[in-house]
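Given next are the chains, with one letter for each unit.
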Amino acid sequence: MDWVVEAKDLTKVYKMGIVDVQALNGASLKINRGEVVAIMGPSGSGKSTLMNMLGCLDRPTSGEYILDGESVATLNDDQLAIIRNHKVGFVFQSFNLLSRQTALFNVELPLRYSGIVQNRKAIAKAALEAVGLGDRMTHRPTELSGGQQQRVAIARAIVNDPAIIMADEPTGNLDSKVGKEIMTLLLNLNKQRGTTLIIVTHDPAIGEQTQRIIRIRDGVVEEESAKGTK
Amino acid sequence: MNFTQVVFEAIESITSNKLRTGLTVLGIIIGVAAVIAMLAVGNGAQASITGTINGIGTNLLFVFRGARNNENVRNTRPLTVNDANALLDQFSAPHVLAVAPVLQGNGNIMFSGKTQSSTIVGVTADYFSVRNITLLEGNPITTENIYGNASVVLLGVDVADKLFDRRDGLVGETVRIANQPFRVIGVLASKGGGGMGSEDNQVIIPFSTAQSRVIHRSGLNNVDVIYAQAIDSDSVPLASSEISQILRTRHRTPIGLDDFTIMSQQDFLSTAQSITGILTVFLGGIAAISLLVGGIGIMNIMLVSVTERTREIGLRKALGARKRDILIQFLVESSLLSLIGGIIGIMFGWLIAYIVGRVAVAMGTDFTPIVGVDAILLATIFSTAVGLFFGIYPANRAASLQPVEALRSE
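All chains use their own residue numbering, which begins from 1 and follows the written sequence. In the order they appear in the text, chains get letters beginning with A and ligands get numbers beginning with 1. Where totals are concerned, whole chains, interfaces and linings use all residues; where local detail is concerned, this predicted model gives features only for residues with pLDDT of at least 70, and gives and counts side-chain atom pairs only at 80 or more.

A.B. asks: Would you mind showing me how to read the overall build of chain B here?
C.D. replies: If you tally the helices and strands in chain B, you get 13 helices and 12 strands. For this measure, only C-alpha atoms enter the radius of gyration; the expected value for a globule follows 2.2 Å times N^0.38, where N is the number of residues. Whereas a compact globule of 410 residues would reach a radius of gyration of roughly 22 Å, chain B reaches 32 Å, over 25% beyond that. For chain B, the C-alpha atoms occupy an extent of roughly 105 × 55 × 30 Å along the three principal directions. Sorting the 410 residues of chain B into buried and exposed places 41% on the buried side. Excluding contacts between residues fewer than 6 apart, the proportion of contacts in chain B whose partners are at least 24 apart in sequence is 83%. Where helices and strands are cited, they refer to DSSP runs of H or I of at least four residues and of E of at least two residues respectively, numbered from the N terminus. Exposed residues have 12 or fewer other C-beta atoms within 10 Å of their own C-beta, buried residues have 20 or more, and partly exposed residues fall in between, where C-beta atoms are placed from the backbone. Once C-beta atoms have been placed from the backbone, residue pairs whose C-beta atoms lie within 7 Å are recorded as contacts.

See the structure below:
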């Protein structure tokens, strides 16, 4: 198999004052390239921590993590930043756009940090067109609806052509109709581009739309329920 | 990220909150303006005093009685007319061009019930060329006036203003000095207020007249100051040593300590320059404190900005910004704030200096503040450095944020 995510025995211990909190307790999982996976679990289960590890926002206390063929568990902050820039696209619940900047600028931002100077505008425009916002490029986030803002965020996530897209409750701040549109967009992008999609969610309805649900409880992967390809 | 983009982003960021940016920049503006204005005033004062001292005469030496720098010399001999004449000896003092002994005292000048207290100076005919004295009208004192003990007087402009309310048409008037009538034969051109007391509030009378009837000294031939003019600027030190030699012989102090003091214009100049130099540094130093306060203002605002934008920083890091990228972003913002403040401050300081100059002129002092290129460069570099320095701590704090925690903040 062509694994894009290979995590083995990931643990994470947070120090809260004098108490050590074990957020991850030996989680292991593998995700195939091009797969659509949901990570689900009750709050406090270590779901967010796992997402931070998989998205290279944080380092595990122990364990091994190979992302797109690179071992990233022991990299330093700046090396992780470069990995995030090239291999991970983030979609957040609250969009996290720079409110003073245009949609185009927001989408360009990852390209700026990868040092791409030429064609940057063209690449960013193509990404915005891919999410159906070709006509809203010079708008600022405050002039866009919630669904449009999330589309800008998705364009930003795919602009560097990453190996995985990490979506953290991507529909959590949207009403159900717009939420469905966003899910459809994400799934279409997965089909067209073959980008691996990892969705962290509470919502069983979203879990239904993925190929596999990874359930987390008490810092370990509890069950992996494979489903038929949707 | 490439640097121009960073600068553009920083500009957008600091223009997004105009009131706050304005207030922050104001601190720097005031600091830089104060530095520029103070340095300009200091330099102007220096130039003005230097000009005044140069106006005293050309290649001038001043000979005084007594040792100015040594308190151990007692029983000094007075300088006399004979000393002055001895300095004219072509063989022992080849580098002395002209000599002018002077008697100086204070007295009241009266005209039709009005009285002005001023300096009375008794001079010989050479005084006018030695001291570069120019006249508004009339003629200088001549050798004939000296021989004849003539009761003639030249008025300084302050005296003329006070007694006559005008500066021309005064030749032929009669004023009373020490209760004796003196005929006015001319009016002195203004020399401006200077380092040596006002030379405009004085009257000039023939040396012999002063000696015999106005300024009484214990020794009949005593003089207060001898001005000596060297033949050119290079021979000032030579002339000085020749004068020393002659006076040592005449005062019988060939060995031991001199009982007279010779100062050159250069000595006065360097004294005045060191005083105005200290003044400039002092004023500039006080102004620099306000620049420092402005810098602390920048640090304060940048810290607020980092706290406010924690989430943005987290996002940028999640998208691939390295520590360096965030550091540069915030440093550019803080330096840009202080650079803008610096540029406006320079213009503002220039304006203040100009106004100070105009006020000085309006009050009768000829004084032009000088804004030098060095002051402008200094202020620009210094203010940007202030922004950089006070930006380092907030920028470092921003750059060290962990993306996970920064993203979680509200």
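So much for the structure itself; the text now carries on.
A.B. asks: What is the right way to read the overall build of chain A from this model?
C.D. replies: A count of helical and extended segments in chain A gives seven helices and 10 strands. Scaling as 2.2 N^0.38, a compact globule of 230 residues should have a C-alpha radius of gyration of about 17 Å, and chain A matches this with 17 Å. The C-alpha extent of chain A, read off along each of the three principal axes, is 50 × 40 × 35 Å. Taken across its 230 residues, chain A has 46% of its residues classed as buried. Put simply, 69% of the contacts in chain A that link residues at least 6 apart link residues at least 24 apart.

A.B. asks: Just checking my understanding: could you explain the pairing of strand S6 (residues 88-91) of chain A for this structure?
C.D. replies: Put simply, side chains in a regular strand alternate between the two faces of the sheet. All names here are of chain A. Residue alternation in S6 divides its side chains into two sets, Val-88 and Phe-90 and Gly-89 and Val-91, and both sets are buried. Two strands pair if DSSP finds at least two bridges between them. Relative to strand S7 (residues 164-168), S6 runs parallel, the two sharing four bridges. Across the sheet, Phe-90 pairs through a bridge with Met-166, a residue of S7.

A.B. asks: Can you walk me through the domain arrangement of chain B in this structure?
C.D. replies: Accessible area lost on assembly of the parts is the figure often given for the size of an interface. A domain assignment, automatic or from a database, supplies the domain bounds used here. Split by domain assignment, chain B resolves into domain 1 (3-53 + 270-408) and domain 2 (78-250). Relative placement of domain 1 of chain B and domain 2 of chain B: their C-alpha centres are 54 Å apart.

A.B. asks: Teacher, can you tell me more about the interface of chain B and chain A here?
C.D. replies: Each partner contributes to the interface: chain B provides 17 residues, whereas chain A provides 19 residues. Contributions of two or more residues to the side of chain B that touches chain A are made by helix H1 (3-15), helix H10 (310-318), helix H11 (323-362) and helix H13 (403-408) of chain B. When residues in the side of chain B that touches chain A are grouped by element, the largest group, four residues, is from H10 of chain B. The nonpolar class holds Ala, Val, Leu, Ile, Met, Phe, Trp, Tyr, Cys and Pro. Asp, Glu, Lys and Arg form the charged class, and all remaining residues, Gly among them, are polar. For the side of chain B that touches chain A, a count of residues per class yields seven nonpolar, four polar and six charged.

A.B. asks: What is the right way to read the sheet that holds strand S2 (residues 19-32) of chain A from this model?
C.D. replies: Strand pairing in a sheet relies on backbone hydrogen bonds. The paired strands run either parallel or antiparallel. All names here are of chain A. On the basis of which strands lie adjacent, the open sheet formed by four strands has the order S2-S1-S4-S5 and antiparallel pairing. Two strands lie at the open edges of the sheet, namely S2 and strand S5 (70-71), each paired on one side alone. Alignment of strand S1 (residues 3-16) against strand S4 (residues 62-67), held across five bridges, turns out to be antiparallel. Across the sheet, Ala-7 pairs through a bridge with Tyr-65, a residue of S4. As a rule, the C-alpha atoms of each element are fitted with a line to give its axis, helices using only the stretch in contact, and angles between N-to-C directions run from 0 to 180 degrees. Its contacts with the sheet put helix H1 (residues 47-54) on S1, S2 and S4, and the angle it makes with S1 is roughly 125°.

A.B. asks: Any chance you could explain helix H8 (residues 236-250) of chain B here in plain terms?
C.D. replies: Since one α-helical turn is 3.6 residues long, residues separated by three or four positions face the same way. Residues and elements named next belong to chain B. Helix length check: H8, at 15 residues, gives a terminal C-alpha distance of 21 Å against a target of 21 Å (1.5 Å per residue), a fit within 8%. Turning to H8, its buried residues number three or more, namely Ala-239, Ser-240, Glu-242, Ile-243 and Leu-247. Projected onto a plane normal to the axis of H8, the buried residues spread over an arc of 165° and lie on a single side. Opposite the buried face of H8, by more than 90 degrees, sit the exposed residues Ser-241 and Thr-249. Tucked inside the fold, the buried residues of H8 contact strand S1 (60-65), helix H3 (81-86), strand S3 (96-111), strand S11 (225-230) and strand S12 (260-264). Phi for Arg-252, located one or two positions after H8, is positive at around 55°. A helix is expected to reach a length of 1.5 Å times the quantity of its residues less one. Throughout, the arc means that of the directions going from the helix axis to the C-beta atoms.

A.B. asks: Would you explain the pairing of S1 of chain A in this entry?
C.D. replies: Residue and element names in this part refer to chain A. When S1 meets S2, the two strands line up antiparallel, connected through 11 bridges. The residue of S2 that forms the bridge with Thr-11 is Asn-25. What sits between the antiparallel neighbours S1 and S2 is a turn of two residues, in which Gly-17 has the positive phi angle 65°.

A.B. asks: Looking at this structure, I do not really get the environment of Gly-194 of chain A. What am I missing?
C.D. replies: Note that Gly-194 of chain A resides in the loop between helix H6 (176-193) and strand S8 (196-200). In the structure, Gly-194 of chain A is positioned 31 residues away from Ala-163 of chain A in sequence and 8.9 Å away in space, judged by C-alpha atoms.

A.B. asks: What is the right way to look at the nonpolar core in this model?
C.D. replies: Generally speaking, a soluble globular protein has its nonpolar side chains buried in company with each other. Counting residues in each nonpolar core, the largest one holds 171 residues, and the members touching the most others are Ile-198 of chain A together with Ile-36 and Val-153 of chain B. Per-element tally for this core: the top contributor is helix H2 (residues 18-55) of chain B, with 17 residues. Note on definitions: a nonpolar core is a set of buried residues drawn from Ala, Val, Leu, Ile, Met, Phe, Trp, Tyr and Cys, linked by C-beta atoms within 7 Å.

A.B. asks: Teacher, can you tell me more about the packing of helix H3 (residues 103-113) of chain A against helix H4 (residues 120-130) of chain A here?
C.D. replies: All names here are of chain A. Interaxial distance between H3 and H4 falls to 9 Å at its minimum, and their mutual angle equals 115°. Handedness of the H3/H4 crossing: right-handed. On H4, the residues touching Ala-103, Leu-104, Val-107, Glu-108 and Leu-111 of H3 are Arg-120, Ile-123, Ala-124, Lys-125, Ala-127 and Leu-128. For a crossing to be left-handed, the near helix must be turned anticlockwise from the far one by less than a right angle; the clockwise case is right-handed.

A.B. asks: When you look at H10 of chain B in this model, what are you seeing that I'm missing?
C.D. replies: With seven of its nine residues buried, H10 of chain B lies for the most part within the structure. At its buried positions, H10 of chain B is contacted by helix H2 (77-87) and S6 of chain A together with H11, helix H12 (373-399) and H13 of chain B. Positive backbone phi, approximately 115°, marks Gly-320 of chain B, located one or two places after H10 of chain B.

A.B. asks: Honestly, unusual backbone geometry in this entry has me stumped. Any pointers?
C.D. replies: For residues besides glycine, phi is generally negative; the peptide bonds are generally trans as well. Residue and element names in this part refer to chain B. Phi at Asp-165 is positive, roughly 60°, even though this residue is not glycine. Position of Asp-165 among the secondary structure elements: in the loop between helix H6 (157-164) and strand S7 (174-177). Of note in this structure, Asn-179 is not a glycine but carries a positive phi near 65°. Relative to the helices and strands, Asn-179 is located in the loop between S7 and strand S8 (180-188).

A.B. asks: Would you mind showing me how to read the environment of Arg-316 of chain B here?
C.D. replies: Residue and element names in this part refer to chain B. Within the fold, Arg-316 resides in helix H10. Assessed through the 26 C-beta atoms surrounding it within 10 Å, Arg-316 is described here as buried. Counting along the chain gives 49 residues from Arg-316 to Asp-267, while the straight-line C-alpha distance between them is 65 Å. Residues within four places of Arg-316 in sequence aside, it is in contact with Ala-321 and Ile-326.

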